[in-house]
Amino acid sequence: MGYRLLKEKAEIIFEQWAEKYEIFAPVVMEGEGCFSDTDIIRYGKVNNLDRIEWKNKSDYSFKEVFLAINETLFYFTEDQTTIPKGPEKDILIFLRACDIHAVKRLDEIYLRNGFEDFYYARIRERAKFILMGCENTCDSGFCVSMGTNKADSYDAYIKVDGDVVFMDLKWDALIADMEGVEIVDVTPDYVMENKEKVTLPKNLSNETFKNEIWREYGDRCIACGRCNFVCPTCTCFTMQDIFYKDNAKVGERRRVWASCQIDGYTEMAGGHGFRKSQGERMRFKVMHKIYDYEKRFGYPMCVGCGRCDDVCPEYISYSNCVNRLAKEESEV
């Protein structure tokens, strides 16, 4: 069951939500793309339905809302530490089906992987998710292959169709009391077929680490790390201690996004490092997404959003890499 109402009525509801929640959704940021005079779709705060980009997939994922690119964990002085306050309001996040599945992956890493991350948990418990339907497939996504094209773990579904809005609300029944609201059956729009299709290898093992495919892809990779930054399920970070100039004993510790694909990420004290070649790093990323993670949690880490393929400046296709592994496996 859901509701059909005029857009002007929906905007009134949206304004009421904005008083209680911080609302994040994909928005078009004009002139902020990688190249001159280009736009980019990224998550930002919104206060009305028209600000939201409904048609196209965001270039960057919602991950920036849960995991700040540069997050202060605590401030320190000579004799004490202080943890910054968490969000003052609850949070609403507009997500597509594949990204709702990505939330499950982040929860596994930050909440159920042997410990609970305090900073992630305090934001996560205050978040609600609004599903955005997909009437058409994006060019690079392969969510159908990954089984992430449908989602039911949302708190609301909203579709804007001209001057009419369809809503399926699971937490707020007050809308039924508004004048001009019609109760109807509302079914989310889901993609049932993608242009891009991926076959997951079924018999990956440690022997796969020796495959020559990694050297081939590694020769093309320039170690920019962009694939990790746009991915909704990548969770790598590094730590930084910042000391203030006016007092070298006072400062803050920050958690900063990092990438398993860049130089220096695996370096340890004494100068020792793991995965020094780009082929080894590519191997680690792909195998972690479709092999290591699945061995631990029972399903792949990748949700098939296709953002990594979109953003790579060297046109390295993660989906093609996975398909090649499956093809070689079938030929053995």
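Everything here concerns the structure above.
Numbering of residues starts from 1 in each chain and follows the order in which that chain's sequence is written. pLDDT decides what is reported in this predicted model: residues at 70 or higher carry local features, side-chain atom pairs at 80 or more are listed and counted, and totals for whole chains, interfaces and linings draw on all residues regardless. Based on all heavy atoms of the structure, the side-chain values leave hydrogens and waters out of the count.

Asks: Explain the side chain of Asn194 here, please?
Replies: Secondary-structure assignment places Asn194 in the loop between strand S10 (182-184) and helix H6 (213-220). Overall, Asn194 belongs to the buried group, its relative accessible area being 5%. In terms of polar contacts, Asn194 uses its side chain to reach the side chain of Thr137, at 2.9 Å. Of the polar contacts made by the side chain of Asn194, one reaches the backbone nitrogen of Cys143; its length is 3.1 Å. Contacts between residues were defined by any pair of non-hydrogen atoms, one from each residue, lying within 4.5 Å. With sequence-adjacent residues up to four places away left out, Asn194 is seen in contact with Thr137, Gly141, Phe142, Cys143, Val144 and Ser145. Numbered from the N terminus, helices here are DSSP runs of H or I no shorter than four residues, and strands are runs of E no shorter than two. Burial classes: relative accessible area under 20% of the type maximum marks a residue as buried, over 50% as exposed, and values in between as partly exposed (1.4 Å probe, protein chains only). Polar contact is defined as a pair of N or O atoms within 3.5 Å, subject to the rule that within protein one atom must be able to donate a hydrogen and the other to accept it, and that residues adjacent in sequence are counted only when both atoms are side-chain atoms.

Asks: Would you take a moment to explain the sheet that holds strand S12 (residues 247-257) for this structure?
Replies: For sheets, the rule is that strands pair by backbone hydrogen bonds, running either parallel or antiparallel. One requirement defines pairing of two strands: DSSP has to find at least two bridges between them. Taken together, 4 strands build an open sheet; the order of strands is S5-S4-S12-S11 and the sheet is antiparallel. Bordering the open sheet on either side are strand S5 (81-82) and strand S11 (237-244), each of which pairs with just one other strand. Bridge count for strand S4 (residues 70-76) against S5 is 2 bridges, and the pairing is antiparallel. If you follow Phe76 over to S5, its bridge partner there is Thr81.

Asks: What's the story with the environment of Met287 in this structure? I'm lost.
Replies: Mapped onto the elements of the fold, Met287 is located in helix H8 (residues 278-297). By relative accessible area, Met287 is classed as buried at 0%. If sequence neighbours within four positions are ignored, Met287 has contacts with Leu204, Ser205, Thr208, Phe209, Trp214 and Asp292.

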